[in-house]
Amino acid sequence: MKAATNTFTLAARVLHWLMAAMILAMLFIGVGMVASVSERHEWLLAIHKPLGIAILILAVVRLAVRLRHPPPPLPADLPALQKLAALASHWLLYFLMLAMPLIGWAMLSAGGYPVMLGTSLRLPPIFPTSPVAFAVLRHMHTGFAMLLFLTFLAHMAAALYHGLIRRDGVLSSMLGQR
Amino acid sequence: MHDPVPPDSPARRIGSWALIAAAVAAAAVSFGYVGGWLAPQRLTPARLVNQFQDNAGTFAGYRRNHAKGVCVTGYFDSNGRAQAYSMAQVFAPGRTPVVGRFAIPGSNPYAPDSSVPIRSMALRFTQANGQQWRTGMNSMPVFPVATPQAFFAQLQAQQPDPATGKPDPAKVAAFFAAHPETAAFRAWAKTAKPSASFATESYWGLNAFVFVDANGKRQPVRWRMAPEAVDAGAAVKSGGADYLAADLDERLAHGPLRWHLQVTLANPGDPTNDATKTWPDDRRTIDAGTLVLERTEPQDSGPCRDINYDPLVLPAGIAASDDPLLPARSAAYADSFLRRTSEEAHLPGSATPSAETKR
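Residues numbered from 1 in each chain as written. Chains lettered and ligands numbered in written order. Predicted model: local features only at pLDDT ≥ 70, side-chain atom pairs only at ≥ 80, totals over all residues.

Caption draft 1: Spotlight on the overall build of chain B. The helix and strand tally for chain B stands at seven helices and ten strands. The principal-axis extent of the C-alpha atoms belonging to chain B is close to 95 × 60 × 45 Å. The proportion of buried residues among the 359 residues of chain B is 43%. In chain B, once contacts between residues fewer than 6 apart in sequence are set aside, the share between residues at least 24 apart is 72%. (Helix = DSSP H or I, 4+ residues; strand = E, 2+ residues; numbered from the N terminus. Buried ≥ 20, exposed ≤ 12 C-beta atoms within 10 Å, placed from the backbone. Contact = placed C-beta atoms within 7 Å.)

Dropping the structure here:
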């Protein structure tokens, strides 16, 4: 099958679209809950923590899939700068999807909070209690979230550019169309 | 069938670019709205905490409310009687270590103890399974208002007038007139006097919570810490601004101080979403155990300094009720905690001790 080399593997596509939905939801949940004093604050927070850990686990699986199955090559005629931007942004996304849950977990640990994923499931702390570390990690969590959202916007714009304007098969390689 | 517009026509290209721009703009605007940047009218934790700073100044490193306080440590000795209603480990017979904090309301850590008639007790119980119960209680049976919006309006009404340095009585009166739910609190406040001791006060949880037993059965509750010390305490020494800490020191030098955790069980239909109303007196109350406080330390160096007494840090067996004040407290405390820890870390953009305003 010639087409197989032009699309991402099924595992990569499923992980991509599942995690796209989860990460985008996570970003909106995150900025929404810290800007709310209503009951939304509580239920969004209750989703935020277990969803973050789910993203962390899936990101590890996805990294393994990525390293095992290299993605289809970018079009040969793509300008070098765009190739570099694609490569850099993809690895930035991998970094952020792994770093964000870890920072969140470390931040709660440093703040002295029990890391509760539900009413009774508690994760162990991964960082010693420290108000200074809490403050640094908490600001990093916001800063990286903003960076992740901007990277998502660029990623989505680039995908649509490939799909609508260049029509070079890059978008369809992730949609799974032949 | 053929496409009436050729795939690479300029019109189609412009359409494609417009679609891309629209997708990015829609995502960015939604994000901005949800995050509050494009919804300036929404009450956010940051606006609540800013109002505290506007009312009393910014004191770097301190809590934005209940800024003046002392740390205490000890334990809770459960008698097992609350176990029938809550599966929380803290209610199994035996001891649970406690790190607590006594404080007075207000944002000024240098305020004299006599400036307000209210005292507060915050506690963190650390269960053997690592889960925690944190609670912040006040020495009054009801809260003035029922919603975060009304609380914010109250803070705004009490903001000192720059001309006089005092709240505008007309604004305060207008607030109370517009908020009849404050009546019970105001009736209490009329007779309340600043106590000479933290030890002789009762501390009410104010908000309702829900106990959950091992079978998942839910029982709405409220709690209060009732003191064993009932003496009038040493008379308030005139002139001393920090007599509460001194009194606590003196009492603890003679032995531990004790409170009884009184848990009141709601009847079906009792409101759980209104902290301005108490439940009828005939509701069943159980004594769940004894809080024993043994040591006190200054808050600057004591173990309570870096604890955010967020009332929604709860163990399995205690859950939030539908009281709208609870998520607002949780959200605002988190904002205050980030501000003071950022100041502790000297992060850029955080207030510095030199920016402190003493009033």
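Caption draft 2: The overall build of chain A, seen in detail. For chain A, the helix and strand inventory stands at five helices and two strands. In terms of its C-alpha atoms, chain A occupies a principal-axis envelope of roughly 55 × 30 × 25 Å. Across the 178 residues in chain A, those meeting the buried criterion constitute 29%.

Caption draft 3: Structural context of the packing of helix 2 (residues 45–56) of chain B against helix 7 (residues 325–344) of chain B. Residue and element names in this part refer to chain B. Contact pair helix 2 / helix 7: the axes reach a minimum separation of 8 Å and the direction vectors enclose 65°. Crossing handedness for the pair helix 2 and helix 7: right-handed. From helix 2, Pro45, Ala46, Leu48 and Val49 reach across to helix 7, where they touch Ala331, Ala332, Ala334, Asp335, Ser336 and Arg339. Counted by class, the contact of helix 2 with helix 7 contains seven nonpolar, one polar and two charged residues. (Axes fitted to C-alpha atoms, helices over the stretch in contact; angles between N-to-C directions. Left-handed = near helix turned anticlockwise from the far one by under 90°. Nonpolar A, V, L, I, M, F, W, Y, C, P; charged D, E, K, R; others polar.)

Caption draft 4: Up close: the domain arrangement of chain B. Splitting chain B by domain gives domain 1 (1–41) and domain 2 (67–324). Look at where the C-alpha atoms of domain 1 of chain B and domain 2 of chain B centre, and you get two points 52 Å apart. (Domains from an automatic or database assignment.)

Caption draft 5: Inspection of helix 3 (residues 80–110) of chain A at higher detail. Residues and elements named next belong to chain A. In this model helix 3 runs 43 Å from its N-terminal to its C-terminal C-alpha over 31 residues, within 8% of the 45 Å that 1.5 Å per residue would give. At Ala99, helix 3 is bent by approximately 25°, the largest bend along its length, and proline Pro101 sits one to four residues beyond. Burial in helix 3 covers these residues: Leu96, Met97, Met100, Pro101, Ile103, Gly104, Trp105, Ala106, Met107, Leu108, Ser109 and Ala110. Buried residues belonging to helix 3 abut helix 1 (10–34), helix 2 (39–68), strand 1 (115–116), strand 2 (122–123) and helix 4 (131–166). Backbone geometry just after helix 3 places Gly112 at a positive phi near 80°. (Expected span 1.5 Å × (residues − 1). Bend = angle between axes of the 7 residues up to and from the residue.)

Caption draft 6: View of the interface of chain B and chain A. Between chain B and chain A, the residue contacts involve 40 residues of the former and 34 residues of the latter. Looking at the side of chain B that touches chain A, the elements with two or more residues in it are helix 1 (10–34), helix 2 and helix 7 of chain B. By residue number, the principal contributor to the side of chain B that touches chain A is helix 1 of chain B, which donates ten residues. Broken down by class, the residue content of the side of chain B that touches chain A amounts to 25 nonpolar, eleven polar and four charged.

Caption draft 7: Region of the structure containing the pairing of strand 4 (residues 132–138) of chain B. Residues and elements named next belong to chain B. For strand 4, the tally of buried residues reaches seven of seven residues, placing the bulk of the element in the interior. Covered by surrounding structure in strand 4 are Gln132, Arg134, Gly136 and Asn138 together with Trp133, Thr135 and Met137, the residues of both alternating faces. Hairpin geometry of strand 3 (residues 120–126) and strand 4 is characterised by an intervening segment of five residues between the two adjacent antiparallel strands and by a positive phi of about 90° at Gly130. (Pairing = 2+ DSSP bridges.)

Caption draft 8: The arrangement of unusual backbone geometry in detail. Residues and elements named next belong to chain B. Residues other than glycine seldom take positive phi values, yet His66 does so here, at roughly 55°. Positionally, His66 belongs in the loop between helix 2 and strand 1 (68–78). Classification of His66 as buried rests on a count of 24 C-beta atoms within 10 Å. A positive phi angle, near 65°, is found at Leu206, a position not held by glycine. Here Leu206 falls in the buried class, since 24 other C-beta atoms lie within 10 Å of it.

Caption draft 9: Spotlight on the environment of B:Arg119. All names here are of chain B. Among the secondary structure elements, Arg119 is positioned in the loop between strand 2 (94–104) and strand 3. Sequence separation between Arg119 and Val221 is 102 residues; the distance between their C-alpha atoms is 22 Å. Setting aside residues no more than four positions away along its own chain, Arg119 makes contact with Phe102, Ile104, Ser139, Ser195, Phe198 and Glu201.

Caption draft 10: Examining the environment of B:Pro298 more closely. All names here are of chain B. Mapped onto the secondary structure, Pro298 falls in strand 9 (residues 285–298). You can call Pro298 exposed: it has 12 C-beta atoms within 10 Å. In this structure, the C-alpha to C-alpha distance between Pro298 and Cys71, residues 227 residues apart in sequence, is 5.9 Å.

Caption draft 11: A look at the pairing of strand 3 of chain B. All names here are of chain B. In terms of residue burial, strand 3 counts as a mostly covered element, since six of its seven residues are buried. The pairing of strand 2 with strand 3 spans six bridges and is classified as antiparallel. Following the sheet pairing, Val99 is matched in strand 3 by Arg124. When strand 3 meets strand 4, the two strands line up antiparallel, connected through seven bridges.

Caption draft 12: Looking closely at the environment of B:Gln89. Inspection of the secondary structure puts B:Gln89 in the loop between strand 1 and strand 2. Placed 44 residues apart in sequence, B:Gln89 and B:Trp133 show a C-alpha to C-alpha distance of 10.0 Å.

Caption draft 13: Focus on the confidence of the model for chain B. The predicted model of chain B has a mean per-residue pLDDT of 93, with 94% of residues at 70 or higher. Of the two predicted TM-score estimates for the complex, the pTM is 0.93 and the ipTM is 0.94. (pLDDT = per-residue confidence, 0-100.)

Caption draft 14: Representation of the packing of helix 3 of chain A against helix 4 of chain A. Residue and element names in this part refer to chain A. Put simply, helix 3 and helix 4 touch, their axes get as near as 9 Å, and they point 150° apart. Overall, the two elements helix 3 and helix 4 adopt an arrangement that is roughly antiparallel. Here helix 3 runs over helix 4; the crossing is left-handed. Its residues assigned to classes, the contact of helix 3 with helix 4 comprises 20 nonpolar, five polar and one charged. (Parallel < 35°, antiparallel > 145°, perpendicular 65-115°, else oblique.)

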